[in-house]
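# Coordinate inspection notes
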Amino acid sequence: MPETSERLSRDRCQWRVKDKLFVWERPLRRGEVETLGDRAPDGPIVGARVEHLGAKEALLADDPQVFFTTPHFDGYPAILARLERISVEDLDELVTEAWLARAPKRLVEAYLKEMD
């Protein structure tokens, strides 16, 4: 994705566009595992920004085997995804949509024009 950088934070990868976080590795915290109980995934997880809370709710409803959230993200436009269950195509779409939600308007416009 244009003008994207990767950095490590607490030994976890983060991807940013113009220093705005849009996708990140996100292990569950102890309290989240306790809250989720048997529903807590044990594999790798990625967090991603979404355009708005409606988009988050749509993803949660569309595929709860892949997408989930925790109370930490209540009221926040971000989603968690189980990497072992998401298809490459859906992951590509998730990353692209996250980038579009965070990139500056001029960069988004140039990217979309290039994709036409």
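These lines cover the structure that appears in this document, whether it is placed above or below.

Calculation criteria
Residues numbered from 1 in each chain as written. Predicted model: local features only at pLDDT ≥ 70, side-chain atom pairs only at ≥ 80, totals over all residues. Heavy atoms only, no water. Patch = residues over 30% accessible without salt bridge, like charges linked within 9 Å, V, L, I, M, F, W, Y side chains within 5 Å. Areas by Shrake-Rupley, 256 points an atom, 1.4 Å probe, with all protein chains shown as cover. Salt bridge = Lys/Arg side-chain N within 4 Å of Asp/Glu carboxyl O. Lys, Arg positive; Asp, Glu negative; His and termini not counted. Charge placed at Lys NZ, Arg CZ, Asp CG, Glu CD. Helix = DSSP H or I, 4+ residues; strand = E, 2+ residues; numbered from the N terminus. 1 Å grid on protein atoms, 1.4 Å probe; cavity = no way out; pocket = protein on both sides within 12 Å on 5 of 7 lines; lining within 4 Å. Points joined across faces, edges and corners; volume = space filled by probe spheres on them. Nonpolar A, V, L, I, M, F, W, Y, C, P; charged D, E, K, R; others polar. Buried < 20%, exposed > 50% of the residue type's maximum accessible area, 1.4 Å probe, protein only. Contact = heavy atoms within 4.5 Å. Core = buried A, V, L, I, M, F, W, Y, C linked by side-chain atoms within 4.5 Å.

On to a negative patch on the surface, then. There is a patch of like negative charges on the surface, built from Glu51, Asp62, Glu89, Asp90, Asp92, Glu93 and Glu97. For the negative patch, the element with the highest residue contribution is helix H3 (residues 88-102), accounting for five residues. For Asp62, the location among the structural elements is in helix H2 (residues 53-62).

A separate point is the layout of surface pockets. The computed volume of the largest pocket comes to approximately 370 Å³. Secondary-structure elements contributing two or more residues to the lining of the largest pocket are strand E2 (12-17) and strand E3 (20-25). Looking at the lining of the largest pocket element by element, the count peaks at three residues for E3. Along the lines of polarity and charge, the residues of the lining of the largest pocket split into five nonpolar, three polar and five charged.

Here Leu83 is to be found in the loop between strand E6 (78-82) and H3. The class of Leu83 is partly exposed, set by a relative accessible area of 33%. If sequence neighbours within four positions are ignored, Leu83 has contacts with Pro44, Ile45, Val46 and Leu91.

It is worth spelling out the nonpolar core at this point. Membership of the largest hydrophobic core comes to 19 residues, with the highest contact counts inside it found for Phe67, Ile79, Ala81, Leu94 and Trp99. Counting only elements with at least two residues in this core, the list comes to E3, strand E4 (45-49), E6, H3 and helix H4 (105-115). Excluding its chain neighbours within four sequence positions, the residues that come into contact with Trp99 are Met1, Pro2, Thr4, Val17, Phe22, Leu107, Val108 and Tyr111. Counting eight residues, the second largest nonpolar core, distinct from the first, contains Trp24, Leu36, Ile45 and Leu80.

Side chains bearing opposite charge may pair, as long as their charged atoms lie close to each other. One pass over the structure, following the stated rule, counts five salt bridges. Close ionic contact of Lys18 with Glu3 constitutes a salt bridge, the shortest N to O distance being 2.9 Å. Of this pair, Lys18 sits in the loop between E2 and E3 while Glu3 sits in the segment before strand E1 (4-9); the two residues are 15 residues apart in sequence, bridging distant segments of the chain. Here Arg106 makes a salt bridge to Glu3, at a shortest N to O gap of 3.9 Å. Of this pair, Arg106 sits in helix H4 while Glu3 sits in the segment before E1, and the two are 103 residues apart along the sequence. For Arg106, a relative accessible area of 49% puts it in the partly exposed group. Residue Glu3 is classed as partly exposed on the basis of its relative accessible area, which comes to 40%.

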